[in-house]
Every structure is written in structure tokens, then in C-alpha cells.
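Okay, here's what each chain looks like letter by letter:
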Amino acid sequence: MSGELAAVEELLTGARTRRQVARAYRRIRAGDGPGRDGPYARGAAAGYRWALGAPGGAPVTGATPHGGVSMETLMAEVDAAVVQLDDPAQPPGAALYTQGAHDALAWICGLSDHCP
């Protein structure tokens, strides 16, 4: 059984292993480091949770993909975040949440080396 658990943890979620994504999620939920609370952290945590397959909609669009979250679905959510971030009418708190989700998902997809 422990071999099966290790194999599951090494499965990719985007360009990262599930273990890396789960570690980043635990770290941001624990509030470690500066900027680890508030809307940005909630957005990043939502991105991590969704990418790991938690029930519920995507953090930016609310989409609920069938059959798990693929790289294509992750990238679509990153693109949706970029569109929302370009909207000058977006309230500051919502923009911070969206930025957190974007940054987490961009890291998961390998578009960024910065892990929020």
C-alpha cells in the first residue's frame, strides 16, 4: 500500500508533482511567511485545492471539469485570471484573490518558478 501512495504522490498535477502542490497548499494554509493571509493567500489556496481535485468549482471561473483537472483546464483557468486581472473595474480584494489563484496556478503549470 505504501508503494501505491508514493506512486500517487508522484503523479503530475500540471508540471508539478501532487506532493509539491500539496506541500505548497499546506504551507499557505498554515500562514507561513509574509503575505500568507488575506485575499491573495485565499486565492492561492483555492488554486492549489482545485488543482488537487477538491470538490467545487475552479477558483476564478467556477467551472467544474468532469474527469479531473488537466493541464488544458489549468491553463484555461490561468488565462481567465489574466482576463479578470486586466479588468480595471475589479474590486481590490477580488483582484488580490484572483492574483493569488493566478500565481498558484501559473506555478503549477510551470509558467513561473515562484511558488506563492
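A brief report on the enclosed structure follows. Everything quoted here is computed from the prediction, not taken from an experiment.

About the cut-offs
Residues numbered from 1 in each chain as written. Predicted model: local features only at pLDDT ≥ 70, side-chain atom pairs only at ≥ 80, totals over all residues. Heavy atoms only, no water. Helix = DSSP H or I, 4+ residues; strand = E, 2+ residues; numbered from the N terminus. Buried < 20%, exposed > 50% of the residue type's maximum accessible area, 1.4 Å probe, protein only. Contact = heavy atoms within 4.5 Å. Areas by Shrake-Rupley, 256 points an atom, 1.4 Å probe, with all protein chains shown as cover. Phe/Tyr/Trp six-rings, centres within 6.5 Å; stacked < 30°, edge-to-face > 60°.

### Topic: the overall build of the protein
Part 1 of the reasoning: Each helix and strand in the protein was counted, giving 5 helices and 2 strands.
Part 2 of the reasoning: Beginning at the N terminus, the succession of helices and strands in the protein can be written as α-β-β-α-α-α-α.
Part 3 of the reasoning: Looking at the 116 residues of the protein, the share that counts as buried comes to 34%.
Part 4 of the reasoning: Excluding contacts between residues fewer than 6 apart, the proportion of contacts in the protein whose partners are at least 24 apart in sequence is 56%.
Part 5 of the reasoning: Split by element, the accessible area of the protein, about 6,400 Å² in all, is 56% carbon and sulfur.

### So, the packing of aromatic side chains
Part 1 of the reasoning: The full count for this structure, using the stated rule, is 1 aromatic pair.
Part 2 of the reasoning: Residues Y48 and W107 carry aromatic rings whose centres are separated by 6.2 Å and whose planes lie at 90° to one another, so their mutual orientation is edge-to-face. Here Y48 is found in helix α3 (residues 38-51), whereas its partner W107 is found in helix α5 (residues 92-109), with 59 residues between them in sequence.
Part 3 of the reasoning: On the accessibility criterion, Y48 (0% relative accessible area) is buried.

### Considering the environment of A51
Part 1 of the reasoning: Residue position: A51 is located in helix α3.
Part 2 of the reasoning: Using a relative accessible area of 5% as the deciding quantity, one classes A51 as buried.
Part 3 of the reasoning: For the pair A51 and L74, spaced 23 residues apart in the sequence, the C-alpha separation amounts to 7.4 Å.
Part 4 of the reasoning: With residues up to four places along the chain from it excluded, the contact list for A51 reads T13, R18, V69, L74 and I108.

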